[in-house]
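# Results of the structural survey
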Amino acid sequence: VNGWEELNAQLRRYFASPTGKAGSIVEFDAYIYLTQLLQARCIGAWTETWRRRRDEAGYYTRGAMYWQLNDVWHAPTWSSVEFGGHEKMLHSTIRRAFAPLAVVGWLDAHAETVSISFVADELPASALAKGACKLELSSHPWRGEKPTHVQTFDCQLSKHASGMIVSQPIEKVLGEGATVRSHFVRATVYATGMPTAFSHIYPSDADPLGFQAVALPTAHITVTVPDQVKANFATVMISTDFPAVGVWLEAGGGPDHLSERLHGYWSDNSFDLVANEKRNVTFFLDDNDDAAAVDLAQLRKLLRVVHLASATAPTKKEESVAVD
């Protein structure tokens, strides 16, 4: 099978066309973003599936490997780290999939049931006590400010184990009046009162149109950069008004700064946000960078945020992201 044809077929299966005029650098940039999001979602789901089946009869998959970590030369490959050390979307997704404590949500083959499992390699002793951990299932409208249906379950976690926490018909998880096109689901595991692991379930994945079946809102994302910093890292706060899928932060690159970049990496990236969510993310300079501290003026200048709605909008919408 021709690789480009297969890739483009999968993009059309899940996403709308990339934004920008045909043949423009804006369209090419959005196309690259969509290919990276597709790769991250596919390999991430594959990894989570094998991890959650580690104690399931007939599987017993105690580990998983993916090809490939990095590149030895410049090329459009399936690696999660580019030749120059720049992390792709897959890298952050894989980091979460292999976290010591992960929560995995999935739909059954007929998209009739939502199931949630945990995978635990290491846990603090406080998280093993009875009643120390809870699972929250929240149903979120794409165009709403808060969840419309929330359920809470006790969950007993064990080290070096995996297991199902809950499985319910999709209608019960979404709640009254919600549909697979109007809502999505977030699963959150709280260990000793703190949110420890997240998973997002998008029922639209089972729709022949994928995310094209959803009226994705144009989330307005704000990035607040600190006024001063005296270290080789800087923590920024990301906030949004509406849900945003595949939020991707870069310190440079893109159509506006093709040859400019602060070389470093983010503590987390390629994540999903629910309405009115705030999240702190830290940018670290590369270890071989001689700078004593992050240049905040450069970070503000070069910082860009892309998400699924902005990459598939009919026209490029720079105003959907603000840097303070």
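For clarity, every value in this text was computed on a predicted model and none was experimentally measured. (Residues numbered from 1 in each chain as written. Predicted model: local features only at pLDDT ≥ 70, side-chain atom pairs only at ≥ 80, totals over all residues. Heavy atoms only, no water.)

To continue, consider the environment of Phe 98. Note on placement: Phe 98 falls in the loop between helix H3 (89-97) and strand S1 (101-107). For Phe 98, a relative accessible area of 29% gives the class partly exposed. With 42 residues separating them along the chain, Phe 98 and His 140 place their C-alpha atoms 26 Å apart. (Helix = DSSP H or I, 4+ residues; strand = E, 2+ residues; numbered from the N terminus. Buried < 20%, exposed > 50% of the residue type's maximum accessible area, 1.4 Å probe, protein only.)

Read across the sheet, four strands follow the order S4-S3-S6-S7 without closing on themselves; strand pairing throughout is antiparallel. Looking along the sheet, the strands with just one partner apiece sit at the ends: strand S4 (149-154) and strand S7 (194-201). On average, each strand axis in the sheet is inclined to that of its neighbour by 20 degrees, with strand direction left out of account. Inspection of the sheet shows strand S6 (residues 183-191) paired to S7 by seven bridges, in the antiparallel sense. Its bridge partner being in S7, Val 185 is matched across the sheet by Ile 201. (Pairing = 2+ DSSP bridges. Axes fitted to C-alpha atoms, helices over the stretch in contact; angles between N-to-C directions.)

Among the 10 residues in strand S10 (residues 244-253), 10 count as buried, and that is most of the element. Strand direction decides the pairing type here: S10 and strand S13 (residues 271-273), joined by two bridges, are antiparallel. Residue Val 247 lies in a different strand from S13, and its bridge partner there is Phe 271. The pairing of S10 with strand S15 (residues 303-306) spans four bridges and is antiparallel. Each bridged residue has a counterpart across the sheet, and for Trp 248 the counterpart in S15 is Val 306. Where S10 lies against strand S11 (residues 257-261), two bridges are found, and the strand directions are antiparallel. Of the residues in S11, the one forming a bridge with Gly 252 is Arg 261. As consecutive antiparallel partners, S10 and S11 are separated by three residues, and within that stretch Gly 254 has a phi angle of approximately 80 degrees, a positive value.

Using the criterion set out here, one finds 11 aromatic pairs in the structure. For the ring pair Tyr 14 and Phe 15, a centre distance of 6.5 Å and an interplane angle of 50 degrees mean the geometry is tilted. Note on accessibility: Tyr 14 and Phe 15 belong to one class, buried. The interplanar angle of 20 degrees and the centroid separation of 6.1 Å between the aromatic rings of Phe 15 and Phe 211 together place this pair among those described as stacked. Taken together, the residues span a long stretch of sequence, with Phe 15 in the loop between helix H1 (3-14) and helix H2 (25-52) and Phe 211 in the loop between S7 and strand S8 (221-224) at a distance of 196 residues. Taken together, the ring pairs connect Tyr 14, Phe 15, Trp 142, Phe 184, Tyr 202 and Phe 211 into an aromatic cluster. Seen from the ring of Trp 106, Arg 52 lies directly overhead, with NZ or CZ sitting 3.5 Å from the centre. (Phe/Tyr/Trp six-rings, centres within 6.5 Å; stacked < 30°, edge-to-face > 60°. Lys NZ or Arg CZ within 6 Å of the ring centre and 35° of its normal.)

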